[in-house]
Every structure is written in C-alpha cells, then in structure tokens.
2 protein chains.
Amino acid sequence: MTETTATPGQRADMVRNRRLLLDAATAAFAECGVDVSMGEIAQRAGLAKGTVFRHFASKEDLLAAIMLQLLDRLTSTADRLVDADDAAAALHEFMTAGVEVLAADRAFCEVIGRPSLQLAQVRSAIERLGQTAETLTARAREQGTIRDDVTGMDIVLLLGGIHQTAAPLLDAQPQVWRRYLELTFDGLRATNARSLPHPPSRRLPTAQSD
Amino acid sequence: MTETTATPGQRADMVRNRRLLLDAATAAFAECGVDVSMGEIAQRAGLAKGTVFRHFASKEDLLAAIMLQLLDRLTSTADRLVDADDAAAALHEFMTAGVEVLAADRAFCEVIGRPSLQLAQVRSAIERLGQTAETLTARAREQGTIRDDVTGMDIVLLLGGIHQTAAPLLDAQPQVWRRYLELTFDGLRATNARSLPHPPSRRLPTAQSD
DNA sequence: CACCAACATGACCGGTCGGTCATTTTCTCT
DNA sequence: AGAGAAAATGACCGACCGGTCATGTTGGTG
C-alpha cells in the first residue's frame, strides 16, 4: 500500500508500535489533558515506558507531535472552506469544527490556552491556522457580513473562549457550546457592531486606566 | 480595631502568621495557578511547611478558602450594581470587574473553568454568583437592552470565555480582554440577536446531528 | 519570673513523575 | 538456520509533591 509512512528502512514492528503509541497518546491526552503520565500512555499502547522514550525523546516532543497534528487538521478544514460562496457561513462552519475539536480534547484546550510552554512549533502552527482563518475572515468582511475589525486570529482565539464558556456545563449538556457559538457569532456580524473598531495593531493607548 | 478576625482566644503570632499565609497563598495561586506547591507558598509566607498544614488541613482547603474569597468579592460587586439605572451598563461593569479578576489570577481561571474537583463550596459560590448576576441580567432584559435568552449564569460563564480568548495574548497586550469583552457584549444586545433563543432548560433536541 | 499549652519547625514518609540504561527479545538479511 | 543490528523491556534514578510528627520555641497568664 501507498501509506504515508513508506517504512524506508524501518522495522515493521517499530512502525506498528509507533502507530499504537500515537493512537494511545492521542486518546490519553484528549481524555486526561497534558498532565497524563508517560507511564499511562505506555500502558494504553501496550508498550513499556522505555519504548515511548525511544520514539519521542521527551514528553514535550510527544505532546507537540499530537497537537501539531490536530492544528494542521483544523488548518486543512479552513483551507477547504475558502472557496465557499457564503464566506460568513464558511466561517461559521470552521468555528463549529474548531470548537468541536476543543470539546473533545482536554490537552488541546490546555495547550491552546497557554502555548507559553516551550512548544515553539505549536505556536507557529497556531500562527498558520490564524493566517488561514484570516483568508476566510477577509472574504466575509468584504462580503459585508462580518464586522470589519475582526481578524483571523480573533476567530482562532474565540474558539478557545467559546469552549471555555461552555466547559463547566459540558458534562450536563454536551452541546451547550453550540449556543455560545451562536451568541458569539452574533457579536461578529457586521450590522451588530456597536463598540468602536479596535485595529489589533494599534491599541493600548491609556491602558493603565484601572 | 474591629477587624473581622476578633482574635477570640488566639495567640497574636498565630493571627499574624495566618494573615501572612493567606496573602502569600493568594499571590502564589494568582501567579502560578493551582499547581503551585505548598512548600512554595510556605516559603513565600516565611513559614515552615508544617505551619501551613496547621492552618489548613489540606491544600484543597487552602485553595477553597481563597477562591471563595474572590467569588464572594465578585458577588458583592454584582450586588452593589443591582440598583443602577442602566442595567445593561451595570452588567457591563460587572463583566469588566469579573474579567479583570480572571486576568490577574491563574488559579481562579483554572478553578472556574473546571470546578469538577471536590470543591463543593466553590461550586455553590459560583451558583450564588450566578444568581446575583441573574438579578442584574433580568433587569437588563426587562429594559430591553439585552436579548431575552441570556441568563445570569450565561454571564458568569462568559467571563471565563472572554478571558480565555484573550489569554494567549495577555503577555503582549495585557488589555486585549477589553476588546473581546466588547465583542461579546455586542452579541448580548437585544437588537443583535439573530440566532433563535435557546431557553437553557429545554435544549438538545436533535443534538446528534453531527 | 516561671510555667505550660499552643504554636512553629523541618526532617521525614510514601507516592508519582519524567527520564535512563543494561539486558533481553525480535525482526531482517544472508 | 544463524548472525547481527535494531528495537523493546522494566528495573532503576533523582526530583518533587502533599502530608505527618516528634521536637523545639514562644506567647500569654498567675
């Protein structure tokens, strides 16, 4: 088969174990957050702890690999939507996909909310996602459906905010986030703008007023 | 003086040390989040670790005490605003105060976002805050300035969301949260409602559509 | 001042974590 | 099948954590 992993000179069992490890780590991080232990991940994968460290030199490396995968997948989703007729609808669909991912992955929420770790690759992946979202947003702005002070990075950051709003209720009402997405999206609509536009580059004039 | 701690039969140095401990813990939790160690807190207070555990039987107790203090302070702020003429403006002021607290306290963000710990008192304090916010919100709804599907608990939850949106930028732009507050508040205005109202009690009809 | 109970102290305990490494197992190639 | 390299293993290490406790110290009182 023409898998992406063409197993150039690698042993078959190593490739298989790597797959097991990645799957287990993805599930473990999603369920338990970034603080899940490497031992737990190894156990879920049916491997010894040492094997995990053979594939990834540190926990941070493993986490970064998985977060990058998620971020790139979201970027692809955004890319697929740039040609839609109704840019605002496309933007809405992108945001739905984004919050859906966040609602299903604890570690992703934690990393998005605080990428100040050492995860430089993650930061740049977020940048890329922001740029792709910007092309979506720009079209919606030009179509006059979205207020003109909203940027692509705003959209990306709002994903985390929408999810965080819904998070305390997620157990009781797994779909509440849709409601907060609608609420937030209403605030983005062009005709709904009340507050003065705040170009993201030129702000904080008398910032220390309080 | 008529301090709240009237030192009923307690030794003077104990009262003093308790003050030192509470101040140090407040600062430590705010700066480092809930994962700051008891040793670090003790060090900041200039006390031994054992002394900390004499004042609070567990780390959770200490954290709960400080979180409760913050939540009650916010509830007081909301209480002070219920008599304002412009309920929407009062609501806005409350939200400003709320996000301000969140932006300055890491532990508070973490606890608000995931009160699923054992902190029953914290949960009920959040409930109380939600009820007080509801009186504010109800007046704004009656005045027709806020869409009528928004509840007090919505407001409380949105505080966490707004902060989370701004969190990744807080280092570079400490005041961005004001921008996202305005954006969100625009979505709350009565005339800006587009999406159908979702009474929080009767939801999730065909929820599994995706 | 002298006494004692209340308080402060820090060494200590069990447990968990990320990470290492000598040894053993397994795959692959001839 | 046999040999050798690559990979898997799990015991092990040092660091850190929340929490305990025997011991030393201190503040209030008669």
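Everything here concerns the structure above.
Residues numbered from 1 in each chain as written. Chains lettered and ligands numbered in written order. Predicted model: local features only at pLDDT ≥ 70, side-chain atom pairs only at ≥ 80, totals over all residues. Heavy atoms only, no water.

Enquirer: Before we go on, may I ask you to explain the layout of surface pockets in this structure?
Expert: A probe matching the size of a water molecule, rolled over the atoms, marks out where space remains unfilled. Its boundaries defined by the atoms lining it, the largest pocket holds a volume of some 1,100 Å³. Taken together, 39 residues form the lining of the largest pocket, with D35 and E110 of chain A together with V34, D35 and E110 of chain B sitting closest to its centre. Elements with a minimum of two residues in the lining of the largest pocket: helix 4 (59-81), helix 6 (106-113) and helix 8 (152-166) of chain A together with helix 4 (59-81), helix 6 (106-113) and helix 8 (152-166) of chain B. At six residues, the largest contribution of residues to the lining of the largest pocket is made by helix 6 of chain B. Per-class residue counts for the lining of the largest pocket are 17 nonpolar, 11 polar and 11 charged. (1 Å grid on protein atoms, 1.4 Å probe; cavity = no way out; pocket = protein on both sides within 12 Å on 5 of 7 lines; lining within 4 Å. Points joined across faces, edges and corners; volume = space filled by probe spheres on them. Helix = DSSP H or I, 4+ residues; strand = E, 2+ residues; numbered from the N terminus. Nonpolar A, V, L, I, M, F, W, Y, C, P; charged D, E, K, R; others polar.)

Enquirer: Any chance you could explain the relation of the copies chain B and chain A here in plain terms?
Expert: Put simply, the second copy of the chain is the first one after a rotation about an axis and a shift along it. Rotating chain B by 179° about the axis while translating it 0.0 Å along that axis superimposes it on chain A, leaving an RMSD of 0.1 Å. Accordingly, the operation relating the two chain copies is best matched by a two-fold axis. (Least-squares fit on C-alpha atoms with pLDDT ≥ 70 in both.)

Enquirer: Would you explain the protein's contact with DNA strand D in this entry?
Expert: As a matter of local geometry, DNA strand D sits amid 20 residues, with R11, N17 and T51 of chain A together with K49 and K59 of chain B nearest to it. In this structure, R11 of chain A approaches DNA strand D through a side-chain N or O atom, which is 2.6 Å from a base nitrogen. The contact in question runs from a phosphate oxygen of DNA strand D to an N or O atom on the backbone of A12 of chain B, over 3.3 Å. Listed by contribution, the elements that provide at least two residues to the surface near DNA strand D are helix 1 (12-32) and helix 3 (49-55) of chain A together with helix 1 (12-32) and helix 3 (49-55) of chain B. Per element, the largest residue contribution to the surface near DNA strand D is four residues, and it comes from helix 3 of chain A. (Near = heavy atom within 4 Å. Polar contact = N/O pair within 3.5 Å; in protein donor to acceptor, adjacent residues only side chain to side chain.)

Enquirer: Where do I start with the protein's contact with DNA strand C in this structure?
Expert: Residues in contact with DNA strand C amount to 19 residues; listed here are only the nearest, M38, K49 and K59 of chain A together with R11 and N17 of chain B. Atoms of DNA strand C within 4 Å of the protein: sugar and phosphate make up 66%, bases the balance. R11 of chain A is positioned with one of its side-chain polar atoms (N or O) 3.2 Å from a base oxygen of DNA strand C. Backbone polar atom of A12 of chain A to a phosphate oxygen of DNA strand C: 3.0 Å apart, as the coordinates give it. Those elements giving two or more residues to the surface near DNA strand C turn out to be helix 1 and helix 3 of chain A together with helix 1 and helix 3 of chain B.

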